Structure formats: C-alpha cells, structure tokens
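Remarks on the overall topology
In case you want the letters, here they are:
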Amino acid sequence: MNTRKMLPLALLYADEEHQIDGRTRFQKLIFLMQMEGNLNGLDPTDTYRFEPYDYGPFSSTLYDDLDSHIERGLIEDSKEELDEEDDIVKYEYQLESDGQEFFEEQVSENEFERIVQEAERIIKEYGDIPLPELIDLVYSKYPDYAENSVLR
C-alpha cells in the first residue's frame, strides 16, 4: 500500500482516542500534515492533490481512500444527521483495532516513525481547534485554497 493511503490511518493512530470528528476537519488536518509536515522525499504520487473548494483545500482522493479503509474494516465511520431539512451530516472516523494492526505492519520502521511523528504534531497543534477557527487558520496560511470558499 502506498504511503498516501497510510496518512489517514496515521492521523487516526496519532489521536489518543483514534478518532477524528468531521470530514472537513479530516481534510484540513491531512492538508496541514502534507503542507507543514516533515514528509520530504515522498513521491508526488504518494500525496493527496488538494484543490480550492467550498471550505478550502479538498481532495476527493482522500474520501476515496477513507471509503476503501472503511470497506476493508480498518476504519469505522458513523454519521449523525444534524439538520435533516438542509441535509447536514456530521461524520466521525474511528481507527479499528484491525486498522491499528494493519498500519503498524504495513509501514516500515523508518517511515512509521516519521509519519506518526508528523501526525502526532498535527493532532497536538491543530486537533482541538474548533472547526471554524481551523478553517480560518488554513485560509490565512494558504489563501490560494480559499478562493472558492462559500465562507468568504
């Protein structure tokens, strides 16, 4: 499995509860991990390609990879309907024990340490920031990704 597909598992692995609340938060944390992380040397095909979208940087491939991990039983997702009328749903992603084992087995010792360290740093620095503030922070640091935002 390529390194790119390991990044969502690493992010969940790094969180104490092995959980990330919200699709938008997941997108922003992976984006920050790639932009600010010490992941030098990764082949460009091993990273997510983000584009400006409704809430800043977005990668459809990240959703594809999450769906693939869910189908394989590595990640569990749950959905909470917040507003039925406006079709607003909140997603939660939880690393399953099989996902934790798989992650530990698949990533080489050197890559494992580097990726986990970056994921832990991102979680520590940005994990508890309320989503609106996280989005604002990403917009201020990376304004090119805010150009299609529905929030501006």
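Residues numbered from 1 in each chain as written. Predicted model: local features only at pLDDT ≥ 70, side-chain atom pairs only at ≥ 80, totals over all residues. Heavy atoms only, no water.

Burial in helix H4 (residues 97-106) covers these residues: Gly99, Phe102 and Phe103. Taken end-on, H4 shows its buried residues confined to a sector of 100 degrees, consistent with a single buried face. H4 presents Ser97 and Glu105 as exposed residues on the side facing more than 90 degrees away from its buried surface. (Buried < 20%, exposed > 50% of the residue type's maximum accessible area, 1.4 Å probe, protein only. Helix = DSSP H or I, 4+ residues; strand = E, 2+ residues; numbered from the N terminus. Arc of directions from axis to C-beta.)

Time to look at the pattern of salt bridges. Applying the stated rule across the entire model yields four salt bridges. With a shortest N-O distance of 3.2 Å, Glu118 and Arg121 are connected by a salt bridge. Taken as a pair, Glu118 and Arg121 lie in helix H5 (residues 109-126) at a separation of three residues, close to a single helical turn. On the basis of relative accessibility, which here comes to 9%, the residue Glu118 falls in the buried class. Assessed through its relative accessible area of 29%, Arg121 is described here as partly exposed. Linking Arg121 and Glu125 is a salt bridge whose minimum nitrogen-to-oxygen distance equals 3.1 Å. Taken together, the positions of Arg121 and Glu125, both in helix H5 and four residues apart, correspond to about one turn of that helix. Through salt bridges with shared partners, one network takes in Glu118, Arg121 and Glu125. (Salt bridge = Lys/Arg side-chain N within 4 Å of Asp/Glu carboxyl O.)

All right, on to the packing of helix H1 (residues 3-14) against helix H3 (residues 60-71) then. At a minimum axis separation of 10 Å, H1 and H3 run at an interaxial angle of 70 degrees. In this view, H1 runs roughly perpendicular relative to H3, as classed from their interaxial angle. In contact with Arg4, Lys5, Pro8 and Leu9 of H1, H3 contributes Thr61, Leu62, Asp65, Leu66 and His69. Classifying every residue of the contact of H1 with H3 gives four nonpolar, two polar and three charged. (Axes fitted to C-alpha atoms, helices over the stretch in contact; angles between N-to-C directions. Parallel < 35°, antiparallel > 145°, perpendicular 65-115°, else oblique. Contact = heavy atoms within 4.5 Å. Nonpolar A, V, L, I, M, F, W, Y, C, P; charged D, E, K, R; others polar.)

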